[in-house]
Structures are given as C-alpha cells and as structure tokens.
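Chains, contacts and geometry: an overview
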Amino acid sequence: MKKRKLLFIFPLVFIYSIGFIHNSYGCSMFKITLHGKTIVGNNEDYWNPNTRIWFEKGKFGKYGVAYVGFDNFWPQGGLNEAGLVFDGFSMDYLAIKDTSGKISLSMNFLKEIMEKYSSVDEVKKYFANHNLSGLETSMYLFVDKTGKYLIIQGDSLITGNDSYYILSNFYPSQIKNESEIDIPSYHKAKKLLGNNPATNINFCSSVLDTMHQERDWGGGTMYTTLYDLKDGLIYLYFFHDYQHVVKFNLRDELEKGDHILIIPKLFSENKKGHEFFSNYNEVSNSLDLFKMKILLVIHHDMQM
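Given the structure is predicted, the values throughout are model-derived calculations rather than measurements.

Concerning the sheet that holds strand E16 (residues 259–262)
- The eight strands lie next to each other as E11-E10-E9-E6-E5-E4-E3-E16, forming an open sheet whose pairing is antiparallel. In this open sheet, the two edge strands, each paired with only one partner strand, are strand E11 (156–160) and E16. Geometrically, the sheet is characterised by an average inter-axis angle of 15° between neighbouring strands, direction not taken into account.
- Looking at chain direction, strand E5 (residues 75–80) and strand E6 (residues 85–90) are connected through three bridges and run antiparallel. Within E6, the residue paired with Gly78 across the bridge is Phe86.

See below:
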C-alpha cells in the first residue's frame, strides 16, 4: 500500500472510531449587500467528500429550493426562489432555556422554513414561536435578498442589516471584543471585506479562498457556494479549488423537476479532490465490510 494511502487511512479510522469530529472544522459564511444586490458565500468544512446539490420543485404554492449537503440529504444550506438563503455551523454546547409553552421543532424544520418564507423577519417570528431544544450545538445564519440577516444561537435571535457581515464558529453574543476570536482566517477575510468590498464573483470567491481549510490527509473545505439572491444564481466550487466553478440558475434547475447532482462528479478537473473522494470511499467501504463481519461473528457466537 502506498504511503499516501496509509496517511489517509489512519485519520479516517479515527473518525470512524469516534463517530464524528466535533468542531475540528470551522465553517465560514459572509454576506455583502451593495447597490441593491446581495451575495452570500459559504465554505463547508468537513471530512466527508460525498457531497450533493439537489433541487426540489415547489408544490402547492410552496417555494422551490436548492439544497447542498452530504449523502444523508440533511440540508446543510440552501437558497429558495424568494431569495432566502441559510447555512449552519457546528458549535460547542450552548444551553437553550426558553422552551415553556412553545411549539416543538419538526424534523424537517429547515425545509418547512425554506418552502414557506421569503424574509428574515418571517423566519425570526417562526423561531421565536418554537422550542429550539435540539439546537444546543448548532447555529444558523439566514439572509434575505434585502441583505437583512438573522443568527439563531441558543435562545438568542440576532438580526442585522450591515452592508457586509461575516461569521464563523463562534457565538456572536459571547464576543465582547473581536480580538477574542481565535480564528486567523476570519480576521483575514474581514479585512478583505472592509477594504473596498464588491459583489462580483472574483472578489467574493477570493474572500472564501482566504477562509478555506485544508488538512495534510485531505480533509477541509469540501465545497463552497456563492449565492446571488436577487438573480437566483448559485456558484459552486469543489474541494477548495476556486479556479473552477459550476453555475446554476435556480429557476432553470427547478423547471427540470426534482433532481440530485453528486458534487465531485461535476469537477473532473479537480484531481486532488477526486483522489480524496476515491480514497475516502474505498476505505469507508472496507471499514463497513469489516464492521459487518464483526457483527456476523458476534451474532454467530450468540447463537451457540
């Protein structure tokens, strides 16, 4: 076995042994609103390259939505026809106490919001009326096409309408001074945004490039999305390569009906990303087979 493959296997076996890596990867997100145009960008930092973008056509008066995420199809982010966008962050535990008399969140609360609402104000009202138990290690950022944004963190619902805003894996309500934020890439990107910001794709992708994550064994930023909320455009990047992009028009994609695309397969030129994708799945399949054999042995022993 090649040395490179061995270097890949050891961290992946560790991932499987603990089930997840919590906060080892810090997602990042920003928005810029200039001259009536709002652009939102997001880096999805993780270790699973089995990423997807899928489109769900609106039915019975609901908005159609484009979602991004992994092969479990839990929406990590998305954009709807009304120009509402969201993404989520994995966070340290933050207690949620304001639960009395509130409605429980459904399992599909994100889809419920994206199919029904067009503005941050509507989304804020929705969360204010719901018991947010279950989101103690999650934070969400919603932005609408006016540029207004909403952060859901613990019991706090924070809104703003700055011309630009940037967020990573920290709770804004707990930060008294930005020097407390120990995320160097966040500070670099914020400096970029504060220095003659623009809404063109080259500038916005450079901000995300500044914040992207890489690991020696291959993990890091699995995909990147840029959303043009006014025109309903999605710019998709794979495996922290900001030179190659696939562009989607949300309206055109929804006219095709419901469909799913495997993100790595859209980027044949990204050899590094495809190598990681191939190695990951080869090792993952081997580990799944090994686990199944162990379970069969245990089952056999229990029958004797």
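There is more to say, and it comes next.
With respect to the packing of helix H4 (residues 184–194) against helix H5 (residues 201–211)
- At a minimum axis distance of 8 Å, the contact between H4 and H5 shows a crossing angle of 160°. With respect to H5, the axis of H4 lies roughly antiparallel. Considering the relative orientation of H4 and H5, their crossing is right-handed. Judged by residue contacts, Ser185, Tyr186, Lys188, Ala189, Leu192 and Leu193 of H4 engage Phe203, Ser206, Val207, Thr210 and Met211 from H5.

So, the sheet that holds strand E15 (residues 241–249)
- In spatial order, the strands read E12-E1-E2-E13-E14-E15; together these six strands make up an open sheet with antiparallel pairing. Two strands bound the open sheet, and with one partner strand each, they are strand E12 (164–167) and E15. Going from strand to strand, the sheet's axes swing by 15° on average, the running direction of each strand aside.
- Both strand E14 (residues 233–238) and E15 contribute to a ladder of five bridges, which runs antiparallel. Within E15, the residue paired with Leu236 across the bridge is Val246.
- H4 rests against strand E1 (28–34) and E12 of the sheet, and its axis sits at about 175° to E12.

Re H4
- Residues of H4 that are buried include every one of Ser185, Tyr186, Ala189 and Leu193, and no others. One side of H4 carries all its buried residues, which in axial view fall inside an arc of 100°. Exposed positions of H4 whose direction lies more than 90 degrees from the buried face are Pro184, Lys188 and Lys191.
- Remark: Asn196 follows H4 within two positions and exhibits a positive phi of approximately 60°.

Some remarks on the pattern of salt bridges
- Inspection of every chain in the model, using the stated rule, returns nine salt bridges.
- Across the pair Lys102 and Asp98 runs a salt bridge whose closest N-O atoms are separated by 2.9 Å.
- Judged by relative accessible area, which is 39%, Asp98 ranks as partly exposed.
- The shortest N-O distance in the salt bridge between Asp121 and Lys148 comes to 2.7 Å. Taken together, the residues span a long stretch of sequence, with Asp121 in helix H3 (residues 120–128) and Lys148 in the loop between strand E9 (138–143) and strand E10 (149–153) at a distance of 27 residues.
- Residue class for Asp121 comes out partly exposed when judged on its relative accessible area of 45%.

A few points about the pairing of strand E13 (residues 220–228)
- Burial within E13 is extensive, with nine of its nine residues counted as buried.
- Where strand E2 (residues 37–46) and E13 come together, eight bridges link them in antiparallel fashion. Note that in E13 the partner of Asn43 across the bridge is Thr224.
- When E13 meets E14, the two strands line up antiparallel, connected through six bridges. Residue Tyr223 lies in a different strand from E14, and its bridge partner there is Phe238.

Points about the packing of aromatic side chains
- Taken as a whole and assessed by the stated rule, the structure comprises 22 aromatic pairs.
- Taking 5.5 Å as the distance between ring centres and 90° as the angle between the ring planes, the aromatic pair formed by Tyr126 and Phe127 counts as edge-to-face. Per residue, the accessibility class of Tyr126 equals that of Phe127, and both read buried.
- A connected cluster of aromatic rings, assembled from ring pairs, spans Tyr46, Trp47, Phe70, Tyr223, Phe238, Phe239, Phe267, Phe276 and Tyr280.

Quick word on the side chain of Gln153
- Position of Gln153 among the secondary structure elements: in strand E10.
- Overall, the relative accessible area of 1% leaves Gln153 in the buried class.
- With near-sequence residues (within four places) excluded, Gln153 lies in contact with Leu94, Met139, Ile158, Tyr171, Pro172 and Ser173.

A closer look at the side chain of Ser205
- Positionally, Ser205 belongs in helix H5.
- When neighbours within four sequence positions are excluded, Ser205 is seen to be in contact with Leu226, Tyr237 and Tyr242.

Points about the packing of helix H2 (residues 109–116) against H3
- Where H2 contacts H3, the axes come no closer than 10 Å and their chain directions differ by 145°. Judged by the twist between their axes, the crossing of H2 over H3 is right-handed. Within the contact between the two elements, H2 uses Phe109, Glu112 and Ile113 and H3 uses Val123, Tyr126 and Phe127.
- Partitioned by chemical class, the residues of the contact of H2 with H3 number five nonpolar, no polar and one charged.

What counts as what
- Residues numbered from 1 in each chain as written.
- Predicted model: local features only at pLDDT ≥ 70, side-chain atom pairs only at ≥ 80, totals over all residues.
- Heavy atoms only, no water.
- Pairing = 2+ DSSP bridges.
- Helix = DSSP H or I, 4+ residues; strand = E, 2+ residues; numbered from the N terminus.
- Axes fitted to C-alpha atoms, helices over the stretch in contact; angles between N-to-C directions.
- Parallel < 35°, antiparallel > 145°, perpendicular 65-115°, else oblique.
- Left-handed = near helix turned anticlockwise from the far one by under 90°.
- Contact = heavy atoms within 4.5 Å.
- Buried < 20%, exposed > 50% of the residue type's maximum accessible area, 1.4 Å probe, protein only.
- Arc of directions from axis to C-beta.
- Salt bridge = Lys/Arg side-chain N within 4 Å of Asp/Glu carboxyl O.
- Phe/Tyr/Trp six-rings, centres within 6.5 Å; stacked < 30°, edge-to-face > 60°.
- Nonpolar A, V, L, I, M, F, W, Y, C, P; charged D, E, K, R; others polar.

Function-wise, these values are silent; they only describe arrangement.
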